[in-house]
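Summary of the model geometry
So you can see what is in the structure, the chains are spelled out below.
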Amino acid sequence: MNTGLKSVPVWMLAWLTAFCIVLSAFSPALAGTTYHTRVKVIHATKGKAGVDPGLEAIAREIGSEFNYTRFRRISEKAMSLSEGQKGRITLPGNRDLIITPTGSNGSRIQYHIRINAKGNPVFQTGVRLQNGSSVTIGGPRLKKGVILINIEGRTR
Amino acid sequence: MTPCNRYTKEFISRVADNEVRQEAHSVFLRHAKTCAACAETLADFRQMGQLFSSHTEAEVGRIRTELPPITVTAPQGAQNRKGLWGWIGRMGQGLASVFGRGAMGLKLASLSAVALILAVSLYTWQGDSGNGMVPGPSAIVNSVDTYGSSVMIIETPESHHTIIWFSET
Ligand SMILES: [Zn+2]
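Given the structure is predicted, the values throughout are model-derived calculations rather than measurements. (Residues numbered from 1 in each chain as written. Chains lettered and ligands numbered in written order. Predicted model: local features only at pLDDT ≥ 70, side-chain atom pairs only at ≥ 80, totals over all residues. Heavy atoms only, no water.)

Once that is clear, we can look at the overall build of chain B. Along its length, chain B carries six helices and three strands. Along its sequence from the N terminus, chain B presents helices and strands in the succession α-α-α-α-α-α-β-β-β. Within chain B, the proportion of its 169 residues that are buried is 38%. Total accessible area on chain B is roughly 9,900 Å²; 59% of this is exposed by carbon and sulfur atoms. (Helix = DSSP H or I, 4+ residues; strand = E, 2+ residues; numbered from the N terminus. Buried < 20%, exposed > 50% of the residue type's maximum accessible area, 1.4 Å probe, protein only. Areas by Shrake-Rupley, 256 points an atom, 1.4 Å probe, with all protein chains shown as cover.)

Next comes the structure, spelled out in structure tokens:
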């Protein structure tokens, strides 16, 4: 074996190994942050009490501030978005939700969120969401109740 | 005033919310100096943000709210990622001056840079893991635009969950 390996000094091999380790550790960062974004669309009414599985926490939060008692899941969508990439969700009543991650400092994720009705914006907000936590937007009317949109975001 | 096709309202709203990257932000501001339409839209969005802050505080006095001041910093993450390689380069150069010039000095410096980065990244991961939730509301609301309808921002007392409630007109 007369390859060049013998002539490569040990320190260089050590350096290369260290470099590869670090490179692999950083590859997610180099590939760009992925914003795992989960949107739950819920119909809340004041009818007979009942909560769909998985909505208990939201029902508790909303129930403590508003008098809604019945929570039904309309849809749920998980998206992996890159920075600046728009995620779209169709809402009942000819509405759309457009959510765009615009940056993160590790502990908080910045999102731009817009709701359109019949193509026209009716609501938009910029929030800094705790990484791994969620925010609830409520208010759009739907059949004797309201639509709740729970948005959860995390970068890992 | 002639309408402007160069920037969308959404983009300008994001400029007002400081959600746009530094370069794009500056480019837009330069444009707005000579474009009355864009300058006016930006002023409107900024005013709306201020109106919103005072309006909400008055309206939801009984409910505990947290509406921190609108910050002027660009998203830190975006800057960090973009400058990662530049940063490594700068750090290598900086360390080279410590270890001395020449090939050997530079190699030593690079190796140290790698070790330093590894230490910093491990430290960051440790800081983020566990139940290292930052204190405060689940979401800090930088801006809201409801196009005429009213809005309330609520932070639930126990779990500090943020609820943004708007009533459609
Ligand atoms: Zn313009």
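Right, picking up where we left off after that structure.
Time to look at the coordination of the zinc ion. All names here are of chain B. In this structure, C4 (SG), H31 (NE2), C35 (SG) and C38 (SG) serve as the protein donors to the zinc ion, at separations of 2.1 to 2.3 Å. One can describe the site at the zinc ion as tetrahedral: its four donor atoms subtend angles covering 103 to 117° at the metal. Within one chain, the residues donating to the zinc ion are spaced in sequence as C-x26-H-x3-C-x2-C. (Donors = N, O, S within 2.8 Å, 3.2 Å for Na, K, Ca; no water. Tetrahedral: all angles 85-135°; square planar, octahedral: opposite > 155°, others 65-115°.)

The next subject is the nonpolar core. Counting 31 residues, the largest nonpolar core has L97(A), I115(A), F123(A), I137(A), I149(A) and I151(A) as its most contacted members. Counting residues per element, this core draws most heavily on strand 6 (residues 108-117) of chain A, which supplies five residues. Counting residues in hydrophobic clusters, the runner-up holds 15 residues, among them I42(A), F71(A), M152(B) and W165(B). (Core = buried A, V, L, I, M, F, W, Y, C linked by side-chain atoms within 4.5 Å.)

Let us look at the pattern of salt bridges. Evaluated as defined, the whole model comprises four salt bridges over all chains. Across the pair R21(B) and E83(A) runs a salt bridge whose closest N-O atoms are separated by 3.1 Å. On the criterion of chain membership, the pair formed by R21(B) in the loop between helix 1 (9-16) and helix 2 (22-34) and E83(A) in the loop between strand 3 (70-82) and strand 4 (87-91) is interchain, its members lying in two chains. Residue R21(B) is classed as partly exposed on the basis of its relative accessible area of 34%. (Salt bridge = Lys/Arg side-chain N within 4 Å of Asp/Glu carboxyl O.)

Let us look at the packing of aromatic side chains. A complete count under the given rule lists six aromatic pairs over all chains for this structure. Centroid distance Y7(B) to F28(B): 4.8 Å. Interplanar angle 90°. Geometry classified as edge-to-face. Remark: F28(B) occurs in helix 2 and Y7(B) occurs in the segment before helix 1; sequence separation between them is 21 residues. In terms of burial, Y7(B) and F28(B) fall into one category: buried. Aromatic rings pair up to connect F66(A), Y68(A) and W165(B) into one cluster. The ring of Y68(A) has K46(A) lying over it, and the distance from NZ or CZ to the ring centre is 5.0 Å. (Phe/Tyr/Trp six-rings, centres within 6.5 Å; stacked < 30°, edge-to-face > 60°. Lys NZ or Arg CZ within 6 Å of the ring centre and 35° of its normal.)

Quick look at helix 2 (residues 56-65) of chain A now. Buried within helix 2 of chain A are the following residues: I58(A), A59(A), E61(A) and I62(A). The arc that holds every buried residue of helix 2 of chain A, seen down its axis, measures 165°, which confines them to one face. Exposed positions of helix 2 of chain A whose direction lies more than 90 degrees from the buried face are R60(A) and S64(A). Lining the buried residues of helix 2 of chain A we find strand 1 (34-45), strand 2 (50-51), strand 3, strand 8 (134-142) and strand 9 (145-154) of chain A together with strand 3 (162-167) of chain B. (Arc of directions from axis to C-beta. Contact = heavy atoms within 4.5 Å.)

Residue and element names in this part refer to chain A. Most of strand 6 is tucked away, with 10 of its 10 residues classed as buried. Neither face of strand 6 is left uncovered, since the one carrying R108, Q110, H112, R114 and N116 and the one carrying I109, Y111, I113, I115 and A117 both have all their residues buried. With nine bridges connecting them, strand 5 (residues 95-104) and strand 6 associate as antiparallel partners. By the bridge assignment, L97 is partnered in strand 6 with I115. Where strand 5 hands over to strand 6, the hairpin turn is made up of three residues, of which G106 adopts a positive phi near 95°. (Pairing = 2+ DSSP bridges.)

Attention now goes to the packing of helix 1 of chain B against helix 2 of chain B. Residues and elements named next belong to chain B. One can describe the packing of helix 1 onto helix 2 by two numbers: an axis separation of 11 Å at closest approach and a directional angle of 110°. Classified by the angle their axes make, helix 1 and helix 2 are roughly perpendicular. Across the interface between the two elements, F11, I12 and V15 from helix 1 touch A24, H25 and F28 from helix 2. In terms of residue class, the contact of helix 1 with helix 2 is made up of five nonpolar, one polar and no charged. (Axes fitted to C-alpha atoms, helices over the stretch in contact; angles between N-to-C directions. Parallel < 35°, antiparallel > 145°, perpendicular 65-115°, else oblique. Nonpolar A, V, L, I, M, F, W, Y, C, P; charged D, E, K, R; others polar.)

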